[in-house]
Amino acid sequence: MNLRRTIELEYFKFRHYKPFLVILGLFVFCFLLSGLSIKGLLDWFLRQQEDDDVLKHFVESGLPLFDFVDLWQNLAWLATIFKWIPAFLIIISVTLEYSNKTIKQNIIDGLSKKEFLLSKLSLVVFISFVSAALLFLLGMILGLMYSPVKELSYIVQNLEFVPAYGLEVFAFLCMAMFAAFLFQRSGVTIIIFLLYTACIEPILTAILNYRYEWKVWYFPVEAINRIIRVPFQKYALSFVQDSILIGDVMVSLGWSTIFIFLSYWLLKKRDL
Amino acid sequence: MSDSILQTRELTKRFSKRILAVNELDLDISQGQIFGILGPNGSGKTTTLGMLLGVVSLTKGSYSWFGAGDDYTLRKRIGAILEQPNFYPFLSASQNLAVHSRIKNIKKPDTDGLLKLVGLFERRNDSFKTYSLGMKQRLAIASALMADPDVLIFDEPTNGLDPQGIAEIRKLIMDIRDMNKTIILASHLLDEVQKVCTHFVVLQRGKKIYSGSVSDALQQTNTIAISADQFQSLLEAVLSCPGVLSHENTGDLIKVNIAEGWTAAALNKYLVDRNVNVNYIQQKTSSLEEKFLSILKENEKAVNPPLTR
């Protein structure tokens, strides 16, 4: 099996597909733009609330949002909202193969089903890598602009949130890929995937957790979201998990493996 | 057999309890044959090819390409089109062939040469979705030829094309035949199989009901049509001829069935000896269509027992 060949194959398929490139370009653009505009938005918002003494205090002291050490977790958490866009890209790239029956032709031409899955997985890895790289770039830009401390030792501290973000996107994309292999049609897949990840599971886990006191860490979307915990309560002086827990990472990796394996099982089982 | 291209044993596909698409099919195809798989729509042709190409799973049985088994890497030595041509609609002909070259692992594919061969070179940079069906089919053939494969598989290659398109595709297939490649052609068009193939099988409801060479199937006729100026004396002479088993008078022609050992030439000589001047005599070769329909008819009762409830 030739890993380079499967990566190349995906590159040859999509380098000329305009919608794909446009979405990827918009993703990069919006990611950087919204990151760079957080500071301005916050300043504007706080200036509107000048009568409020507590907030006024914050404005004067300055929120340590973009201070190194804090910055990586803050940005990583804010960036999780963007993971749906690459998820849709993956869904499109898989369902397109079904709607054009090119997956069938690929197999006929001499690709194995395993290699087909690997080529899609290479796209998943590539996009996860791009996401993490974007986060790193954005963090460096914002940190160097606004952080009061700029020593290397502070910059690299908590830098593990960058690969953790990559892992979060990777696990999420594996789930999207599985959904695409399961439903095969782009419209249906996108709607069900969006409903499940943004609505059904969060509501279900919330009810199970608060009403019935279930442990919900093993649900896939919950597990993926857990890798990077919400950081902002610390500014209201409550305890926050401010490092990556190996347990969270293991659960997400477990789900990724399950989704990849299920995708392979579906591919293997179904006639094309 | 060293030159075996394909061997299948008890190849079977059952889609559900009621639908048995392919039923214990044994095929043997050797090097250089142009092998036709003939059958009405729904007789299991495409399902059979799907199994041989790894897109449909087998319920039972086995197949072996080149005497080497069913590994997917062997498919790199096959060029195949199933049903319609399937390509990326947003890529051009050249780009689609480039994708295919990555799958076949060909470092420097001669895409321009292939596109010239099938007459698509002028349109190579237009996206696939702008092509006519005939052009799509020709691109599929170019793609199938890319790896210089040992075997080519065409499934209903002229389906849905206009007469000119059909003629173009047939010519391409003939050209490929002249490159000394083995071709497997599935079709419900008898005429197509008769014109192109050397060997053929007939499938009905997934079962093989006939297999043999095309020339054998076409030679098995003993009907001769004769006509003469003096029609009455011709009729009398025919009646007296010992080699004539039966005759049929159509008004201006007499069709006779001749006995074993008799030929059109012998019959002609017999008639001339009796002073009948024949102005038309021809031994009819039965068309594959007649053969096909008679094969289907013979098997209709055996394969489809009357439904009983």
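Residues numbered from 1 in each chain as written. Chains lettered and ligands numbered in written order. Predicted model: local features only at pLDDT ≥ 70, side-chain atom pairs only at ≥ 80, totals over all residues. Heavy atoms only, no water.

Section: the overall build of chain A
Consideration 1: Each helix and strand in chain A was counted, giving 12 helices and zero strands.
Consideration 2: Scanning chain A from its N terminus toward the C terminus, one meets helices and strands in the order α-α-α-α-α-α-α-α-α-α-α-α.
Consideration 3: If you line up chain A on its principal axes, its C-alpha atoms span 70 × 45 × 35 Å.
Consideration 4: Taking all 272 residues of chain A together, the buried fraction comes to 46%.
Consideration 5: If you take every contact in chain A between residues at least 6 apart in sequence, the share linking residues at least 24 apart comes to 82%.
Consideration 6: Total accessible area on chain A stands at roughly 13600 Å², and carbon and sulfur atoms take up 69% of it.
Consideration 7: Charge separation in chain A, taken as the distance between the mean sites of 24 positive and 22 negative side-chain charges, equals 15 Å. (Helix = DSSP H or I, 4+ residues; strand = E, 2+ residues; numbered from the N terminus. Buried < 20%, exposed > 50% of the residue type's maximum accessible area, 1.4 Å probe, protein only. Contact = heavy atoms within 4.5 Å. Areas by Shrake-Rupley, 256 points an atom, 1.4 Å probe, with all protein chains shown as cover. Lys, Arg positive; Asp, Glu negative; His and termini not counted. Charge placed at Lys NZ, Arg CZ, Asp CG, Glu CD.)

Some details on the nonpolar core
Generally speaking, a soluble globular protein has its nonpolar side chains buried in company with each other.
Consideration 1: If you look at the biggest cluster of nonpolar residues, it comprises 75 residues, and the most contacted ones within it are A:Phe31, A:Tyr165, A:Met177, A:Phe181 and A:Phe193.
Consideration 2: Sort the elements by how many residues they give to this core and helix 9 (residues 161-183) of chain A lands first, with 18 residues.
Consideration 3: Non-local contacts of A:Tyr165, meaning those with residues more than four positions away in its chain, are made with A:Phe31, A:Ala76, A:Ala79, A:Thr80, A:Phe82, A:Ser131, A:Ala132, A:Leu135 and A:Ile228.
Consideration 4: Formed by 45 residues, the second largest nonpolar core is a distinct cluster that contains B:Val118, B:Met135, B:Val196 and B:Phe292. (Core = buried A, V, L, I, M, F, W, Y, C linked by side-chain atoms within 4.5 Å.)

Quick look at the interface of chain B and chain A
Consideration 1: Tallying the contact residues gives 28 residues for chain B and 27 residues for chain A.
Consideration 2: Roughly 2700 Å² is buried in total at the junction of chain B and chain A, and carbon and sulfur atoms are behind 55% of that figure.
Consideration 3: The interface formed by chain B and chain A contains three salt bridges.
Consideration 4: The shortest N-O distance in the salt bridge between B:Arg102 and A:Glu8 comes to 2.7 Å. (Buried area = accessible area lost by both parts, 1.4 Å probe. Salt bridge = Lys/Arg side-chain N within 4 Å of Asp/Glu carboxyl O.)

Remarks on the side chain of A:Thr205
Consideration 1: Take A:Thr205: it is sitting in helix 10 (residues 186-210).
Consideration 2: A polar contact is formed between the side chain of A:Thr205 and the backbone oxygen of A:Pro202, at a distance of 3.0 Å. (Polar contact = N/O pair within 3.5 Å; in protein donor to acceptor, adjacent residues only side chain to side chain.)

Considerations on the pattern of salt bridges
Consideration 1: Throughout the structure, instances matching the rule amount to 24 salt bridges over all chains.
Consideration 2: In this structure, B:Lys13 and A:Asp271 form a salt bridge, with 3.0 Å as the shortest nitrogen-oxygen distance. With B:Lys13 in strand 1 (residues 4-14) and A:Asp271 in the segment after helix 12 (246-269), this residue pair bridges two chains.
Consideration 3: A residue is classified by how much of its surface remains accessible, and B:Lys13, at 6% relative accessible area, is buried.
Consideration 4: In this structure, a network of salt bridges that share partners links the residues A:Glu10, A:Lys13, A:Glu97 and A:Lys120.

A closer look at the environment of A:Leu267
All names here are of chain A.
Consideration 1: Along the polypeptide, Leu267 turns up in helix 12.
Consideration 2: Relative accessible area serves as the criterion here: at 2%, Leu267 is assigned to the buried category.
Consideration 3: Leu267 sits 232 residues away from Gly35 along the chain, and the two C-alpha atoms are 39 Å apart.
Consideration 4: Beyond its immediate sequence surroundings of up to four residues, Leu267 is in contact with Tyr98, Ile103, Lys113, Phe116, Leu117 and Phe181.

Notes on the sheet that holds strand 2 (residues 20-30) of chain B
Residue and element names in this part refer to chain B.
Consideration 1: Spatial ordering of the open sheet is given by 2-1-4, a layout of three strands whose pairing is antiparallel. Lying at the two open borders of the sheet, with one neighbouring strand each, are strand 2 and strand 4 (60-65). On average, each strand axis in the sheet is tilted by 15° relative to the strand beside it, whichever way the strands run.
Consideration 2: Note that strand 1 and strand 2 share seven bridges and pair antiparallel. Its bridge partner lying in strand 2, Lys13 is registered against Val22. (Pairing = 2+ DSSP bridges. Axes fitted to C-alpha atoms, helices over the stretch in contact; angles between N-to-C directions.)

Thoughts on the confidence of the model for chain B
All names here are of chain B.
Consideration 1: Predicted confidence across chain B gives a mean pLDDT of 86, with 94% of residues reaching 70 or more.
Consideration 2: Across chain B, element-level confidence peaks in strand 4 with a mean pLDDT of 94 and bottoms out in helix 10 (residues 288-303) with 70.
Consideration 3: Here residues 305-309 is modelled with pLDDT under 50, and outside its nearest four sequence neighbours on either side it reaches zero contacts, counting other chains as well.
Consideration 4: Under the prediction, the complex receives an ipTM of 0.86, its pTM being 0.84. (pLDDT = per-residue confidence, 0-100.)

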